[in-house]
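This is what each chain is made of:
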Amino acid sequence: MMGKSSVRLIAFFCCVAALLSCTGVYAIWSYFYAPDTASLYTRPTLGSFTYGGTVVDYNDVLPTDTENGKDHLELLERILSNTVGLNNPDSALVNQIEWANNIVYRNKVWGTMSKDIWISQGGDTVKTQMGLSDSEIYNLAFMIQTVSSTQYYVYTTSVSLGTAGDGSVWGGNSKPGSPNIPIGQYIYEIYRTNVVLENGVWVQKETTVGSAPSAWYDENLYQTKRQIPSFDVYNFTPYGQRKMGSTSGMPIYTYPGYALTVYPDKSDEAWYFTVQAKNAAQIITVTGDDAVVLKVYDAGMNLLSTIEATDLTCTYVCNASTVYYFTVEGASKITVSVT
């Protein structure tokens with residue numbers, strides 16, 4: 001009886017042989033290209049949405065901080081553009097989506113966490129071809145899920161997912177991956193934009209903020225054993241259905257380099273976070289548009305410290321190799337960062 005590795009290897013080489021016998025990688029649907037109708041530099045209009053129970057202007061919440069590489073709106077422009085994005089059927093991005101939909105396992109998701117392999121291009125290469133290598137939005141991760149021939153879900157996040165491991169063509173994992181958010185724990189914030197084909201042009205519809213479980217990326221090839229930090233788009237949950245940060249049971253996971261702005265409904269509404277200082281002390285910094293309060297707890301949710309802001313900012317130093325929970329409250333707009 002052949003082992004699983006032998007079966008996968010045979011399937012893999014059969015797939016490659018089939019691809020090489022064709023004139024090119026075929027698509028499972030037809031793309032329509034309408035030049036000049038999807039401008040690279042026209043900002044999408046995302047309208048309003050409900051955030052934490054309050055209707056707000058989405059452009060006030062969707063990160064547009066280009067200086068810190070969090071301009072999701074500009075990234076969406078590139079993804080939809082008629083030069084480097086979905087509205088050019090010959091773009092590198094479209095080629096990779098077609099590839100993900102047409103190899104043996106027919107994965108319906110392609111993401112920029114993917115790696116270069118000898119018959120496919122990885123996320124870094126595609127982002128470079130999209131002109132992102134000299135842009136601060138290069139650090140944003142995105143995934144594109146094929147819903148149908150006329151609909152995509154585009155997921156974008158500024159959360160740094162972690163470091164990929166190493167694998168081999170024999171299916172082994174020679175070096176484990178290192179996710180910033182533990183596998184299975186929910187990552188917040190992730191933005192899902194509904195993109196549809198209308199009159200031959202890919203256009204964006206509504207955008208939803210939410211969370212999704214941390215998961216390994218499926219390279220959709222024989223080399224799937226390589227551990228690449230990612231998230232599970234099939235279990236994406238809008239904020240209204242899973243209110244990350246609303247309780248100690250659903251804290252927002254942070255890591256060194258994490259930053260997030262939250263919008264409490266009330267001055268006494270606390271947002272819950274957790275941080276694990278692995279190898280060195282970590283500094284929690286909280287800044288509000290009004291007086292803000294930071295409360296720090298140990299792993300058992302025992303209160304360690306209550307800090308009221310001085311000049312609208314307060315900090316706390318976390319010891320290395322220690323798990324903490326903390327809450328922020330007191331202002332209508334609060335920025336949290338861990339360094």
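Figured I'd write up the structure that's included with this text. In this text the structure is predicted, and so the values were computed from the model without any measurement.

The rules we used
Residues numbered from 1 in each chain as written. Predicted model: local features only at pLDDT ≥ 70, side-chain atom pairs only at ≥ 80, totals over all residues. Heavy atoms only, no water. Helix = DSSP H or I, 4+ residues; strand = E, 2+ residues; numbered from the N terminus. Buried < 20%, exposed > 50% of the residue type's maximum accessible area, 1.4 Å probe, protein only. Contact = heavy atoms within 4.5 Å. Areas by Shrake-Rupley, 256 points an atom, 1.4 Å probe, with all protein chains shown as cover. Pairing = 2+ DSSP bridges. Axes fitted to C-alpha atoms, helices over the stretch in contact; angles between N-to-C directions. Phe/Tyr/Trp six-rings, centres within 6.5 Å; stacked < 30°, edge-to-face > 60°. Lys NZ or Arg CZ within 6 Å of the ring centre and 35° of its normal. 1 Å grid on protein atoms, 1.4 Å probe; cavity = no way out; pocket = protein on both sides within 12 Å on 5 of 7 lines; lining within 4 Å. Points joined across faces, edges and corners; volume = space filled by probe spheres on them. Salt bridge = Lys/Arg side-chain N within 4 Å of Asp/Glu carboxyl O.

**Quick notes on the overall build of the protein**
Next up, step 1: Scanning the protein from N- to C-terminus turns up four helices and 20 strands.
Next up, step 2: The 339 residues of the protein split such that 50% are buried.
Next up, step 3: Within the protein, residue pairs in contact and separated by at least 24 positions form 67% of the contacts whose partners lie at least 6 positions apart.
Next up, step 4: Just so you have it, the protein exposes about 15,500 Å², and 49% of that area is on carbon and sulfur atoms.

**Some thoughts on the pairing of strand β15 (residues 282-288)**
Next up, step 1: Alternating positions in β15 separate cleanly, Q282, I284, V286 and G288 being buried on one face and I283, T285 and T287 remaining unburied on the opposite face.
Next up, step 2: When β15 meets strand β18 (residues 313-318), the two strands line up antiparallel, connected through six bridges. Opposite Q282, over in β18, you have C318 as the bridge partner.
Next up, step 3: Of the pairings in the sheet, the one linking β15 to strand β20 (residues 334-338) comprises five bridges and is antiparallel in character. Looking at β20, one finds that I284 is bridged to V338.

**Points about the sheet that holds strand β19 (residues 322-329)**
Next up, step 1: One open sheet holds the five strands; their spatial order is β12-β14-β19-β16-β17, and the pairing between them is mixed. Only two strands of the sheet have a single partner each, and these edge strands are β12 (252-253) and β17 (303-308).
Next up, step 2: Inspection of the sheet shows β12 paired to strand β14 (residues 271-277) by two bridges, in the parallel sense. Note on β14: the bridge partner recorded for Y253 is T274.

**A short note on the sheet that holds β18**
Next up, step 1: On the basis of which strands lie adjacent, the open sheet formed by four strands has the order β13-β20-β15-β18 and antiparallel pairing. Every other strand in the sheet has two partners, leaving β13 (259-262) and β18 as the edge strands with one partner each. Looking at each pair of strands side by side, their axes are set apart by 15 degrees on average, direction ignored.
Next up, step 2: Sheet topology note: the β13/β20 ladder contains four bridges and is antiparallel. Residue pairing across strands places L260 opposite V336, the latter belonging to β20.

**Focus on the pairing of strand β9 (residues 201-216)**
Next up, step 1: Alignment of strand β8 (residues 186-198) against β9, held across ten bridges, turns out to be antiparallel. Bridge pairing in β9 places L197 opposite W202.
Next up, step 2: Of the pairings in the sheet, the one linking β9 to strand β11 (residues 237-238) comprises two bridges and is antiparallel in character. Of the residues in β11, the one forming a bridge with G210 is P238.
Next up, step 3: The pairing of β9 with strand β10 (residues 229-231) spans three bridges and is antiparallel. In the sheet register, W216 faces β10, and the bridge partner there is P229.

**As for the packing of aromatic side chains**
Next up, step 1: Applying the stated criterion across every chain, the model contains ten aromatic pairs.
Next up, step 2: Ring geometry for Y316 versus Y324: centroids 6.1 Å apart, planes at 70 degrees, classification edge-to-face. Of the two residues examined, Y316 and Y324, each falls in the buried class.
Next up, step 3: Following the ring pairs from residue to residue traces out a cluster consisting of Y153, Y155, F231 and F236.
Next up, step 4: One residue, K127, lies across the ring of Y138, its end atom 4.2 Å from the ring centre.
Next up, step 5: Stacked on the ring of Y153, the Lys or Arg R192 has its end atom at 4.4 Å from the ring centre.

**Section: the layout of surface pockets**
Next up, step 1: Looking at the second largest pocket, its volume works out to about 310 Å³.
Next up, step 2: Along the wall of the second largest pocket there are 19 residues; nearest its centre are N180, T254, Y255, Q276 and K278.
Next up, step 3: Taken together, the elements giving at least two residues each to the lining of the second largest pocket come down to β7 (178-179), β14 and β19.
Next up, step 4: With four residues, the single largest contributor to the lining of the second largest pocket is β14.

**A short note on the pattern of salt bridges**
Next up, step 1: What the rule picks out here adds up to two salt bridges.
Next up, step 2: Between E74 and R78 there is a salt bridge; the shortest N-O distance is 3.5 Å. With E74 and R78 both in helix α2 (residues 72-80) and four residues apart, this pair spans about one turn of that helix.
Next up, step 3: A relative accessible area of 11% means that R78 is categorised as buried.

**Brief notes about unusual backbone geometry**
Next up, step 1: For the peptide bond that leads from Y188 to E189, omega is 10 degrees, which places it in the cis range.
Next up, step 2: Mapped onto the fold, E189 is located in strand β8.
Next up, step 3: Of note in this structure, M301 is not a glycine but carries a positive phi near 65 degrees.
Next up, step 4: The topology assignment puts M301 in the loop between β16 (293-297) and β17.
Next up, step 5: Even without a glycine there, the phi angle at L312 is positive, about 70 degrees.
Next up, step 6: Summarising the element assignment, L312 is placed in the loop between β17 and β18.

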